[in-house]
Amino acid sequence: MKSIVIIGCGNVGLEYLKKLCMIDMALDISLIDVDEEKLVGEILDLEHSLVYRNNNISLKVGNYNDCDNADIVVITAGVPQARKDRMSDLEKANEIAVDITNKLRETSFNGIILVACNPLDVITELIAHYTDYPYNKVIGTGTMLDTARLKSLISKRINVKPSDINAYVLGEHGNSQFVAWSNANIGLENLSMFLSLNDKEELEYETLHMGGTITKCKGYTSDGVASCLLELTLCILNDLKKVYSVSNYNTTYDVYLSTPCIIGKKGIDKVINIKLTSDEEEKLKESSEVISEALDKILPKELY
Ligand code: NAD
């Protein structure tokens, strides 16, 4: 039986949990949150929905000992989302990362860590640093969500199935992200054949601001990122070797940022080497600098 520990069960953690409960796989799921009473209620409520699904899922309020044999630890503990820059709560987010990794280090966990907490790239790198796990085993959802948002927007504009659109948002899961239009295509045709420059600018702008748009309407975002976590979970548990733009350690810029990677049972199986234009390469560098500067505030490189 595969085993998953979810640390932080707020909007994102619970949405991911609900999606996990819909799959047909035997799973042992442990939940950890500072608010244990809430977990008791959530588990009871979910268990009643599982009666009619008839799958083999066991849920419990967990503790860090459950990480010993876990295949995946999913970290979604964080500061409640606000409609402001993701970097603004960095210090508090770092305190949470320190708390969690201090406890995780005391276990014999040897699986894969998935991170969804903001500021995403900085916190993913800090978690990799604090745990001292190999980089391929610590993965941030990164721009996988922004890529989904972009594909959805393109799909509506040109009426093609999102899954048949091959386009990626790269860099920071934040303001400095960008679309690698030079590599974006449908079939073998570059998207420039379907979209004007103006279309591209609008789509990129809407993608970047989509989180804010959703938060303005419903108060938070959860479904999109929870689906990314579910996809990554399925890739790892079933060794699917699918390609997603996730936050991974970039050897050129020495920070975590998003580029397409092959995901399998070892976590990041391979980082895809994509050829960017010089303009796009400059944007990737700018993204790395934003992430580096934020990291420096918490953990200057000389202390590494
Ligand atoms: P939330 O406030 O609803 O949930 C956070 C949960 O973490 C709470 O239940 C809280 O009790 C718990 N928590 C806090 N500190 C903890 C600790 N030390 N140990 C264990 N649990 C702890 O927030 P949310 O809306 O679920 O968002 C969670 C995180 O995910 C935030 O950082 C948010 O910015 C991020 N997020 C990321 C994306 C993405 O695309 N990557 C999308 C949405 C939200």
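This write-up is about the structure you can find in this document. Because the structure is a prediction, the values reported are computed rather than measured.

Let us look at the pattern of salt bridges. Tallying each qualifying case throughout the model produces 14 salt bridges. Notably, a salt bridge pairs Glu15 with Lys19, separated by 3.7 Å at the nearest N-O pair. One end of the pair is Glu15 and the other is Lys19, both in helix H1 (residues 11-20) and four residues apart, which spans about a single turn. In this structure, the salt-bridge partner of Lys242 is Glu231, at a minimum N-O distance of 3.3 Å. A residue pair is termed long-range when its members are at least 10 positions apart, and Lys242 in strand S12 (residues 242-250) and Glu231 in helix H7 (residues 223-237) qualify at eleven residues. The network of salt bridges with shared partners includes Arg157, Asp199, Glu202 and Glu206.

What the three strands build is an open sheet, ordered S7-S10-S11; its pairing is antiparallel. Every interior strand has two partners, whereas the edge strands, strand S7 (165-166) and strand S11 (189-190), have only one. Of the strand pairs in this sheet, strand S10 (residues 185-186) and S11 are connected by two bridges, and their pairing is antiparallel. Note on S11: the bridge partner recorded for Ile186 is Glu189.

Once that is clear, we can look at the site of the ligand. By nearness alone, 24 residues border the ligand, and Val12, Asp33, Lys38, Asp99 and Ala116 come closest of all. Side-chain polar atom of Asp33 to an oxygen atom of the ligand: 2.6 Å apart, as the coordinates give it. Considered on its own, the ligand offers 850 Å² of accessible surface; in the complex 89% of this is hidden by protein. Counting residues per element, the ones that place at least two in the shell around the ligand are H1 and helix H3 (90-105). Classifying every residue of the shell around the ligand by side-chain character gives eleven nonpolar, ten polar and three charged.

A word on the pairing of strand S14 (residues 267-271). Looking at chain direction, strand S13 (residues 255-264) and S14 are connected through four bridges and run antiparallel. Directly across from Ile262, in S14, lies its bridge partner Lys270. Hairpin connection of S13 to S14: two residues between the antiparallel strands.

What follows covers the packing of aromatic side chains. Inspection of every chain in the model, using the stated rule, returns four aromatic pairs. When the ring of Phe109 is compared with that of Tyr133, the centres are 5.9 Å apart and the planes differ by 55°; the resulting orientation is tilted. Here the residue Phe109 occupies a position in the loop between H3 and strand S5 (112-115), and Tyr133 occupies one in the loop between helix H4 (120-131) and strand S6 (138-140), the gap between them amounting to 24 residues. Of the two residues, Phe109 and Tyr133, both sit in the buried class. When the centroid spacing of 5.9 Å and the interplanar angle of 70° are considered together, the rings of Tyr135 and Tyr256 count as edge-to-face. With Tyr135 in the loop between H4 and S6 and Tyr256 in strand S13, this residue pair connects regions lying 121 residues apart in the sequence. Since its relative accessible area comes to 36%, Tyr135 is described here as partly exposed. The buried category is assigned to Tyr256, whose relative accessible area is 0%. An aromatic cluster of at least three residues, connected via ring pairs, comprises Tyr135, Tyr249 and Tyr256. Note that Lys151 overlies the ring of Tyr168, its terminal NZ or CZ placed 5.8 Å from the centroid.

Reading the values: rules and limits
Residues numbered from 1 in each chain as written. Predicted model: local features only at pLDDT ≥ 70, side-chain atom pairs only at ≥ 80, totals over all residues. Heavy atoms only, no water. Salt bridge = Lys/Arg side-chain N within 4 Å of Asp/Glu carboxyl O. Helix = DSSP H or I, 4+ residues; strand = E, 2+ residues; numbered from the N terminus. Pairing = 2+ DSSP bridges. Near = heavy atom within 4 Å. Polar contact = N/O pair within 3.5 Å; in protein donor to acceptor, adjacent residues only side chain to side chain. Areas by Shrake-Rupley, 256 points an atom, 1.4 Å probe, with all protein chains shown as cover. Nonpolar A, V, L, I, M, F, W, Y, C, P; charged D, E, K, R; others polar. Phe/Tyr/Trp six-rings, centres within 6.5 Å; stacked < 30°, edge-to-face > 60°. Buried < 20%, exposed > 50% of the residue type's maximum accessible area, 1.4 Å probe, protein only. Lys NZ or Arg CZ within 6 Å of the ring centre and 35° of its normal.

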